[in-house]
Amino acid sequence: MTTRHDTAASPVKGGAAPGRPPGTGASAEADHKRRAKLSRRWQRDMRWSPYAFVSPFFLLFLAFGLFPLIYTGWASLHTVELTAPTDMKWTGFDNYTRIFDDEFFWNAAKNTLWIGIISTVPQLLMAMGLAHILNYKLRGSTFYRVVMLAPYATSIAAASLVFVLLFGRDYGMINWALDLVGLDKIDWQNGSWASKFAVSTIVIWRWTGYNALIYLAAMQAIPQDLYESAALDGASRWRQFIHVTLPSLRPTILFTVVVSTIGASQVFGEPLLFDANKGASGGSQHQFQTLGLYLYEQGWVNQHLGRASAIAWAMFLILIVIGIINAVISRRLRASS
C-alpha cells in the first residue's frame, strides 16, 4: 500500500501576482488624504463654529447699538436739524456747554432723580416682602408668580392709560376714594409732587413683581442649613430674615438697585402718556418731565438733533458713573465677605 503525500505546488514563473493586503498602495494613500481632509475640516469647525453662533448678536449690536452710539457722538459735536440731517455744521462742545446753562435740562434731571427715588425704594421693599412670603410653601405658588409677572408683560401704553383714568381729577377712582374719607381731591396731572407720585406708581406697579421673582430665586438658593442652625439657636422668623436672608441677598439687592436706577434714569413712556396733552413737555409747567422726555422734545419736537445727541451722551455718561459706583461697591462687598 502506497502513501500519498500532497505537496503545495511551486509558483509558476510569470503567473498571477499574489494579492495585496487591504489598505495598502494607492487606496491607502487616498484614504489617508481623505481622513486628513476631514480632520482639518473638523478642526476648523470646532474653532470657528462658536464665532458663527454668536455672530448674529454682534451684527445686530453693531447695527443698532454701536453705530447709533458713535453717530450720536459725532452729531453732538455739530449743529444739525431734523429737517436736514445730512447738513452738519461743526460746533465742537457748544452743545455740551449749553447743557450746563439749560434750566430745563436740570429741571428734567431733578424730576428724574425724584421719580427714581419715589419709585425705586418702595418698589424694592415691596418686592422683598412678596418674595419672602412666596419663599414659604404656599398652595398655588406658581399662580402667584405668574400674576406678579403679568404687569411686566403688560404694554406700557395700556398700563399708563389705565392709570391716567385712575388718577383723573374729576372722575378718577383715586379721588373718589379720597372723597369718601373726607379728603380733598388732588389734581394729579398738574400738581408738582402729585404728578411725580402718580408717574412713580406706574413704574412701581410694573416692576415690583419682576424684582420679587429675582429676590425669590436668590432666596431659594440660600442653604437651608443656615436657617436650621438659626432656629436651633432660638432665632425667630424675623431674626432669621435679618441675620440670614438679607446678608445672603446683598449681591442680588445691589444688582436690583443698579438695574432699577438705570431704568429710572430712562423713564419715558409713563410720563409721556400720563401728560393730558400727550406731549413731551411733562406737564404744563414741566413738573414731571424726565431726561428721556426732554431728549425727545429737543430731537423730535424742536428738531435739534445735535442738542438731543448731546443730551443722550450726557445720560450715557451718567450711566457709566452709576456702573463705576456699582463696581466699587461690589468689590468692597466681596472683600468684606
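What you see is a predicted model; the values in this text were computed from it and never measured. (Residues numbered from 1 in each chain as written. Predicted model: local features only at pLDDT ≥ 70, side-chain atom pairs only at ≥ 80, totals over all residues. Heavy atoms only, no water.)

### Some thoughts on the pairing of strand β2 (residues 84-90)
Counting buried residues in β2 gives zero out of seven residues, a small share hidden from the surface. Sheet topology places strand β1 (residues 78-81) next to β2; three bridges connect them, and they run antiparallel. What sits directly across from Thr79, in β2, is Lys89. Hairpin remark: β1 followed by β2, antiparallel, with two residues in the connecting loop. (Buried < 20%, exposed > 50% of the residue type's maximum accessible area, 1.4 Å probe, protein only. Helix = DSSP H or I, 4+ residues; strand = E, 2+ residues; numbered from the N terminus. Pairing = 2+ DSSP bridges.)

### Brief notes about the packing of aromatic side chains
With the rule as written, the count across this model stands at 23 aromatic pairs. Between the aromatic rings of Phe57 and Phe61, the centroid separation amounts to 6.2 Å while the plane-to-plane angle is 15 degrees, which identifies the pairing as stacked. Taken together, the residues span about one helical turn, with Phe57 and Phe61 both in helix α1 (residues 26-75) at a distance of four residues. Relative to Tyr96, the ring of Phe93 has its centre 6.0 Å away and its plane inclined at 50 degrees; by these criteria the two rings are tilted. Tyr96 gets classed as buried once you look at its relative accessible area, which sits at 17%. (Phe/Tyr/Trp six-rings, centres within 6.5 Å; stacked < 30°, edge-to-face > 60°.)

### Thoughts on the packing of helix α7 (residues 192-220) against helix α10 (residues 250-265)
One can describe the packing of α7 onto α10 by two numbers: an axis separation of 10 Å at closest approach and a directional angle of 165 degrees. Taken together, the axes of α7 and α10 are roughly antiparallel relative to one another. Crossing angle aside, the handedness with which α7 passes α10 is right-handed. Taking contact as the criterion, the partners of Asn211, Ile214, Tyr215 and Ala218 in α7 are, on α10, Thr252, Ile253, Phe255, Thr256 and Ser260. Class assignment for the residues of the contact of α7 with α10 results in five nonpolar, four polar and no charged. (Axes fitted to C-alpha atoms, helices over the stretch in contact; angles between N-to-C directions. Parallel < 35°, antiparallel > 145°, perpendicular 65-115°, else oblique. Left-handed = near helix turned anticlockwise from the far one by under 90°. Contact = heavy atoms within 4.5 Å. Nonpolar A, V, L, I, M, F, W, Y, C, P; charged D, E, K, R; others polar.)

### Notes on α10
For α10, which comprises 16 residues, the first-to-last C-alpha distance of 23 Å matches the rise-based estimate of 22 Å (1.5 Å per residue) to within 8%. Residues of α10 that are buried include every one of Thr252, Leu254, Thr256, Val258, Ser260, Ala264 and Ser265, and no others. Residues of α10 that are buried in the fold lie against α3 (103-134), α7 and α13 (305-336). (Expected span 1.5 Å × (residues − 1).)

### Points about unusual backbone geometry
Of note in this structure, His286 is not a glycine but carries a positive phi near 55 degrees. Position of His286 relative to the elements: it lies in the loop between α11 (269-274) and α12 (291-301). Within the chain, Gln303 stands out as a residue other than glycine whose phi angle is a positive 65 degrees. Position of Gln303 among the secondary structure elements: in the loop between α12 and α13. Gln303 gets classed as partly exposed once you look at its relative accessible area, which sits at 29%.

### Brief notes about the packing of helix α5 (residues 156-166) against α7
Packing of α5 against α7 brings their axes to within 10 Å, and their N-to-C directions diverge by 130 degrees. As summarised for this structure, α5 and α7 are arranged oblique, according to the angle between their axes. Crossing hand, α5 versus α7: right-handed. Along the contact surface, α5 presents Ile156, Ala159, Ser160 and Phe163, while α7 presents Thr201, Ile202, Trp205 and Arg206. Within the contact of α5 with α7, the residues separate by chemical class into five nonpolar, two polar and one charged.

### What to know about the environment of Asp225
By the secondary structure assignment, Asp225 is in helix α8 (residues 224-232). For Asp225, a relative accessible area of 52% puts it in the exposed group. For the pair Asp225 and Thr83, spaced 142 residues apart in the sequence, the C-alpha separation amounts to 66 Å.

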